[in-house]
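# Structure at a glance
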Amino acid sequence: ESYLRHVLFLRDRYFVIFDDLRCSQPATFTWLWHILPGDPLGFDEDTFAIDYTVGDVPVRLQQISRPGDLTLDDRQGLMGRVNPITGEDWRESLKGGIIEGHNLWISNAQPEAQWRFLAVVYPQPPGGEIPQIVRVDDSTVRVGDDVICFDPDSPAAGSADLVIDPAAFIER
């Protein structure tokens, strides 16, 4: 029925990505993230934080909204060209070398008619430290001292530095 994506680039340092997805019937929604070949991933299941490096730059990808209701399928190498939901196989169409080392399929564990993904992607130049990324609620995240909220009705909205109302962008 609708999909809406907000991508914020904050303080010339990090990204906050918010997806609001709606379907006429319960569905599995997937947030797909590709990572270049490289070191293995670190995954903290409790916070749904994924740590990896691009060259010598450490990166944290952290899902905020309903982390306990998400699944992670890290499809590596050529298996990244096989859709785990539909079974579509694109391995035969590969031209040249594979560019993704990890294809992260992040999905809701139980089908739902509406789903929201809220993620922070924080690349940190070498020598620095990734600040603490804390889930405040399903629509609000604190990144260091910044609080970003995607629900004006959330109790956290009153103390947020930035409040976005996704419903204002959806035609109904």
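Structural notes, computed from the coordinates. Keep in mind it's a predicted model, so treat the numbers as computed, not measured.

### Describing the overall build of the protein chain
- Across its full length, the protein chain carries 0 helices and 13 strands.
- From first element to last, N terminus to C terminus, the protein chain shows the α and β order β-β-β-β-β-β-β-β-β-β-β-β-β.
- The C-alpha atoms of the protein chain give a radius of gyration of 17 Å, which matches the 16 Å a tight globule of 172 residues would have.
- For the protein chain, the C-alpha atoms occupy an extent of roughly 50 × 50 × 25 Å along the three principal directions.
- The 172 residues of the protein chain split such that 41% are buried.
- A separation threshold of at least 6 residues defines the contact pool for the protein chain, and within that pool the share at least 24 residues apart is 58%.
- A total accessible area of about 9600 Å² is found for the protein chain, and carbon and sulfur atoms account for 50% of it.
- Separation of charge centres in the protein chain, based on 14 positive and 28 negative side chains, amounts to 3 Å.

### Examining the packing of aromatic side chains
- Enumeration over the complete set of coordinates arrives at 6 aromatic pairs.
- Consider the rings of Tyr14 and Tyr122, whose centres lie 5.1 Å apart with planes at 20°: the pair is stacked. Here Tyr14 is found in strand E2 (residues 14-27), whereas its partner Tyr122 is found in strand E9 (residues 112-123), with 108 residues between them in sequence. Of the two residues, Tyr14 and Tyr122, both sit in the buried class.

### Remarks on the nonpolar core
- Core analysis: the largest hydrophobic core is formed by 18 residues, its most contacted members being Trp31, Ile50, Leu61, Ile106 and Phe117.
- Secondary structure elements with two or more residues in this core: E2, strand E3 (30-35), strand E5 (49-54), strand E6 (57-63), strand E8 (102-108) and E9.
- It is E9 that contributes the most residues to this core, 4 residues altogether.
- Dropping the residues within four chain positions of it, Trp31 is found in contact with Arg5, Ile17, Asp19, Leu61, Gln63, Leu104, Trp105, Ile106, Phe117 and Ala119.
- Leu8, Tyr122, Ile148 and Ile164 belong to the second largest nonpolar core, which has 16 residues in total.

### Some words on the side chain of His102
- Considering the arrangement of structural elements, one finds His102 in strand E8.
- You can call His102 buried: its relative accessible area is 7%.
- In this structure the side chain of His102 is engaged in a polar contact, spanning 2.8 Å, whose partner is the side chain of Asp74.

### Focus on the sheet that holds E5
- Strand order in this open sheet of 6 strands is E1-E2-E9-E6-E5-E4, and the pairing throughout is antiparallel. Each end of this open sheet is capped by a strand with a single partner; those strands are strand E1 (2-10) and strand E4 (42-44). Each adjacent strand pair in this sheet contributes to an overall mean axis angle of 15°, direction not counted.
- As judged from the 3 bridges shared by E4 and E5, these two strands associate in the antiparallel manner. If you follow Gly42 over to E5, its bridge partner there is Asp51.

The rules behind the values
Residues numbered from 1 in each chain as written. Predicted model: local features only at pLDDT ≥ 70, side-chain atom pairs only at ≥ 80, totals over all residues. Heavy atoms only, no water. Helix = DSSP H or I, 4+ residues; strand = E, 2+ residues; numbered from the N terminus. Rg over C-alpha atoms; globule rule 2.2 N^0.38 Å. Buried < 20%, exposed > 50% of the residue type's maximum accessible area, 1.4 Å probe, protein only. Contact = heavy atoms within 4.5 Å. Areas by Shrake-Rupley, 256 points an atom, 1.4 Å probe, with all protein chains shown as cover. Lys, Arg positive; Asp, Glu negative; His and termini not counted. Charge placed at Lys NZ, Arg CZ, Asp CG, Glu CD. Phe/Tyr/Trp six-rings, centres within 6.5 Å; stacked < 30°, edge-to-face > 60°. Core = buried A, V, L, I, M, F, W, Y, C linked by side-chain atoms within 4.5 Å. Polar contact = N/O pair within 3.5 Å; in protein donor to acceptor, adjacent residues only side chain to side chain. Pairing = 2+ DSSP bridges. Axes fitted to C-alpha atoms, helices over the stretch in contact; angles between N-to-C directions.

Just geometry here; none of it tells us what the structure is for.
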